[in-house]
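Reading the structure
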Amino acid sequence: MPLSGPEALSMAYGVNHYRVDKPLRDVLRHYLGREPGFDPLGEYAGRDLYEVAYRVDRLSPPVHIMYDVRGERVDLSWLDPAERRVVRDLMLEYKVNSFPFNGGSWHEHYAGINLVGDPGVACILTITIQTAYALWKYGPEEVRDYYKNLAGLEEPLMLGATWFTEIQGGSDLGANTTRAEPSNGKWILNGYKYFASGAGIADIALATARPPDSRPGAKGLALFVVPRLREDGSLNYYVRRLKEKSGTVAVPTGEVEFIDTEAYLVGEKEKGIYYTLEDLMVSRLSNAAGAVGIQRKAYLEAFGYATYRRAFGKRLIEHQLVKRDLLEMEVLTEESLVITHKAIDLFEKATGDRPPYSPQYHYARLMTHIAKNITAENAARVTMLAMELFGGIGFLRDYMIERWHREALITPIWEGTSNIQALDMLEAIARKNAHLPLLEDMKALASQAYDKETANKAYEAMAKTLEDLARMPPSTAEYNAKYILDDLGHSASVILLEELASSTGDERYHWVAKIILDYVLARKPIGHPGEDKLMEIVTLGGTLRA
Ligand SMILES: Cc1cc2nc3c(=O)[nH]c(=O)nc-3n(C[C@H](O)[C@H](O)[C@H](O)COP(=O)(O)OP(=O)(O)OC[C@H]3O[C@@H](n4cnc5c(N)ncnc54)[C@H](O)[C@@H]3O)c2cc1C
């Protein structure tokens, strides 16, 4: 019978994206000691949200409205009403941004981001919770309470934004030139932000700027809160234009001008760069969780297609090479998942920390660099394989699979490129000794692992990588930093998968760990894992029907 709804465009539409995701459910149970009630969100993610995000990408991007019908400058980004509804639902009905502020956990917030998957919609939630986090933790009295509106705890709902990048450098934040002058108990900003997601929808933004007589470079930056409207109700920031992007269409990204813009200082002005980097941890973890979600959506599309499409007289999923592709995709997705939630766990434990930070905070930061890097790399690979499994139609814009590879490609770029994650990792190791708590933690986990031999081999690989690094002259270390970051990610994830196998009693996580160890870390071909194991892994423990 011909299909009549969005099912016609997708193999993942109509699936409950939470219910089928046994690994996600297991990881949440592992860290929370209970399973959150995410079935309604999983249903929503596989239906309304999935369709709206596709439609916005194809047909209905945000539109910049510079002047209103009365001729007044408004600088709005007009979102499709269906997208506005989705953002509202996610914040007020599913409470994705509320968990960390109402007694819940950051694991729940980031599981929500994972289920959203779409990086445009996820970005709107992320920049909003980043703003909430900074206000909640360091916010000036005048505006602090708005964190409740940004967290979806109180209405009216508000959206946030984080504007750091300027045209002369995003990686090099120390090149920021936006100026800040004190004025009557507030601050006045003048400058230009070149990549500003949330432009035209943000009620409140965070922005970096340079106060008078501050130190040169990044250490001279202070962090400010910028409301959309001045105290007298006039427009406080201007949007020059919205960017035309290859993906992330649902979030308007614009160029923003500050012209005598009223602002409030966050915390102490000398500590702005620390607050900014701490806030970037919130979005880097979101990037990692979103990258896991992208992989999962692409997987659900590819798995569905592989069970349906026939070639050479049998279904794709009956071909050994197709099973191998699915296995690789699933292994990388589970690797991404465990490393992300480990980093989230460390971050959650460090949220009470303030500059100058404790070793636990630096360990959380190190794990965040590791997770941000490896999940982005895996998202690019998994979505590419998924697209390939669809053959020619995988390349057509007509169907929903095509978008996931485009969307995956933002994940190594924004929130600090992979090179920047690698350089920050070197800094966290060389200056903060963040590898010491990493080694200690991983050793302890390996000693209680489901399969100690596999976990210990991964631990030894990690220790060897770090020993090699310690012997490298600085230029060699910098040259190799991305390899090192990758290796730390793979070895940590083997240990974390063995930990998950132990806590769930489910051997599948041990098989996945072993495949990463053999395939990825030792770079040796593996034998056939055995038909039963293989199908157990690729059907997500039987939650998918092959
Ligand atoms: C869709 C989108 C939305 C965005 N939204 C926001 C936002 O809301 N707020 C915000 O502040 N920013 C935002 N950004 C900006 C984004 O964070 C930056 O683009 C990113 O951090 C890279 O900075 P850059 O573009 O200036 O690249 P550059 O810093 O010019 O880097 C160019 C290349 O050089 C490499 N590189 C730079 N320095 C080094 C080095 N020392 N060693 C090795 N390699 C190096 C980088 O890895 C990169 O590959 C957004 C970007 C995009 C694409």
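Residues numbered from 1 in each chain as written. Predicted model: local features only at pLDDT ≥ 70, side-chain atom pairs only at ≥ 80, totals over all residues. Heavy atoms only, no water.

According to the stated counting rule, one finds 44 salt bridges in the structure shown. One salt bridge in this structure joins Glu 231 and Lys 186, with 3.3 Å as the shortest N-O distance. Of the two residues, Glu 231 sits in the loop between strand E7 (222-227) and strand E8 (238-242) while Lys 186 sits in strand E5 (residues 186-197), which places them 45 residues apart along the sequence. Taken together, the shared-partner salt bridges in this structure form one network comprising Arg 19, Lys 22, Asp 26, Arg 29, Glu 35, Asp 39 and Asp 506. (Salt bridge = Lys/Arg side-chain N within 4 Å of Asp/Glu carboxyl O. Helix = DSSP H or I, 4+ residues; strand = E, 2+ residues; numbered from the N terminus.)

Moving on: helix H17 (residues 508-521). Quick reminder: α-helices carry 3.6 residues per turn. Residues three or four places apart thus point the same way. Given a rise of 1.5 Å per residue, 14 residues ought to cover 20 Å, and the 19 Å separating the end C-alpha atoms of H17 matches this to within 8%. In terms of burial, H17 is a largely internal element, eleven of the 14 residues being buried. Within H17, burial applies to Arg 508, Tyr 509, His 510, Trp 511, Val 512, Ala 513, Ile 515, Ile 516, Leu 517, Asp 518 and Leu 521. Check the buried side of H17 and you find it contacts helix H1 (22-32), helix H10 (320-350), helix H15 (452-471), helix H16 (474-504) and helix H18 (531-538). At the C-terminal side of H17, Arg 523 shows a positive phi close to 55 degrees. (Expected span 1.5 Å × (residues − 1). Buried < 20%, exposed > 50% of the residue type's maximum accessible area, 1.4 Å probe, protein only. Contact = heavy atoms within 4.5 Å.)

The next point concerns the domain arrangement of the chain. Often, the extent of an interface is quoted as the loss of accessible area upon association of its parts. Along its sequence, the chain is organised into domain 1 (6-150), domain 2 (160-273) and domain 3 (274-538). Placing a centre on the C-alpha atoms of domain 1 and another on those of domain 2 gives a separation of 23 Å. With 32 residues of domain 1 in contact, the opposing surface of domain 2 contributes 28 residues. Summed over both partners, the interface of domain 1 with domain 2 buries about 2400 Å², with 70% contributed by carbon and sulfur atoms. Looking only at domain 1, the three residues that lose the most surface to domain 2 are Asp 75, Ser 77 and Ile 127, adding up to 20% of its buried area. The interface formed by domain 1 and domain 2 contains zero salt bridges. Where domain 1 meets domain 2, there are nine residue pairs in polar contact (both at pLDDT 80 or more). Residue contributions to the side of domain 1 that touches domain 2 peak at twelve residues, all from helix H6 (residues 119-138). (Domains from an automatic or database assignment. Buried area = accessible area lost by both parts, 1.4 Å probe. Polar contact = N/O pair within 3.5 Å; in protein donor to acceptor, adjacent residues only side chain to side chain.)

As a matter of local geometry, the ligand sits amid 21 residues, with Thr 165, Gly 170, Ser 171, Ser 197 and Thr 417 nearest to it. At 2.9 Å, a backbone N or O of Phe 164 approaches an oxygen atom of the ligand. Between Ser 197 and the ligand, the recorded distance is 2.8 Å, taken from a backbone N or O atom to an oxygen atom. Within the complex, 65% of the 970 Å² of free accessible area of the ligand lies under protein. Of all the elements, E5 adds the most residues to the shell around the ligand, at three residues. Grouping the amino acids of the shell around the ligand by side-chain chemistry returns eight nonpolar, eleven polar and two charged. Mapped onto the domain boundaries, the shell around the ligand takes at least three residues apiece from domain 2 (160-273) and domain 3 (274-538). (Near = heavy atom within 4 Å. Areas by Shrake-Rupley, 256 points an atom, 1.4 Å probe, with all protein chains shown as cover. Nonpolar A, V, L, I, M, F, W, Y, C, P; charged D, E, K, R; others polar.)

This part covers the nonpolar core. Among the nonpolar cores identified, the biggest contains 184 residues, and Leu 90, Leu 326 and Met 442 are the most heavily contacted of them. Beyond its immediate stretch of four places on either side in the chain, Leu 326 contacts Tyr 299, Ala 302, Phe 303, Ala 306, Ile 317, Leu 389 and Val 538. (Core = buried A, V, L, I, M, F, W, Y, C linked by side-chain atoms within 4.5 Å.)

Turning next to a positive patch on the surface. A cluster of like positive charges, contributed by Arg 215, Lys 219, Arg 431 and Lys 432, occupies part of the molecular surface. Inspection of the secondary structure assignment puts Arg 215 in the loop between strand E6 (204-209) and E7. Of the residues examined, Arg 215 reaches a relative accessible area of 53% and is grouped as exposed. (Patch = residues over 30% accessible without salt bridge, like charges linked within 9 Å, V, L, I, M, F, W, Y side chains within 5 Å. Lys, Arg positive; Asp, Glu negative; His and termini not counted. Charge placed at Lys NZ, Arg CZ, Asp CG, Glu CD.)

Moving on, we get to the pairing of E7. With six of its six residues buried, E7 lies for the most part within the structure. Burial along E7 is two-sided: the face carrying Ala 222, Phe 224 and Val 226 and the face carrying Leu 223, Val 225 and Pro 227 are both buried. For E6 and E7, the ladder comprises six bridges, and the chain directions are antiparallel. Bridge pairing in E7 links Ala 207 to Phe 224. Strand direction decides the pairing type here: E7 and strand E9 (residues 253-265), joined by two bridges, are antiparallel. Note that in E9 the partner of Val 225 across the bridge is Tyr 264. (Pairing = 2+ DSSP bridges.)

Right, let's get into the environment of Glu 181. One can find Glu 181 in strand E4 (residues 179-183). The spacing of Glu 181 and Lys 243 is 62 residues in sequence and 29 Å in space, taken between C-alpha atoms.

Before going further, it helps to examine the packing of H15 against H16. Relative orientation of the contacting elements H15 and H16 amounts to 160 degrees, with a least axis distance of 9 Å. Classed by the angle they form, the pair H15 and H16 counts as roughly antiparallel. Relative to H16, H15 is oriented so that their crossing is left-handed. For the pair H15 and H16, contact is made by Thr 454, Ala 455, Ala 458, Tyr 459, Met 462, Thr 465, Leu 466 and Leu 469 and by Ala 477, Ile 484, Asp 487, Leu 488, Ser 491, Ala 492, Val 494, Ile 495 and Glu 498, respectively. Residues belonging to the contact of H15 with H16 are distributed by class as follows: twelve nonpolar, three polar and two charged. (Axes fitted to C-alpha atoms, helices over the stretch in contact; angles between N-to-C directions. Parallel < 35°, antiparallel > 145°, perpendicular 65-115°, else oblique. Left-handed = near helix turned anticlockwise from the far one by under 90°.)

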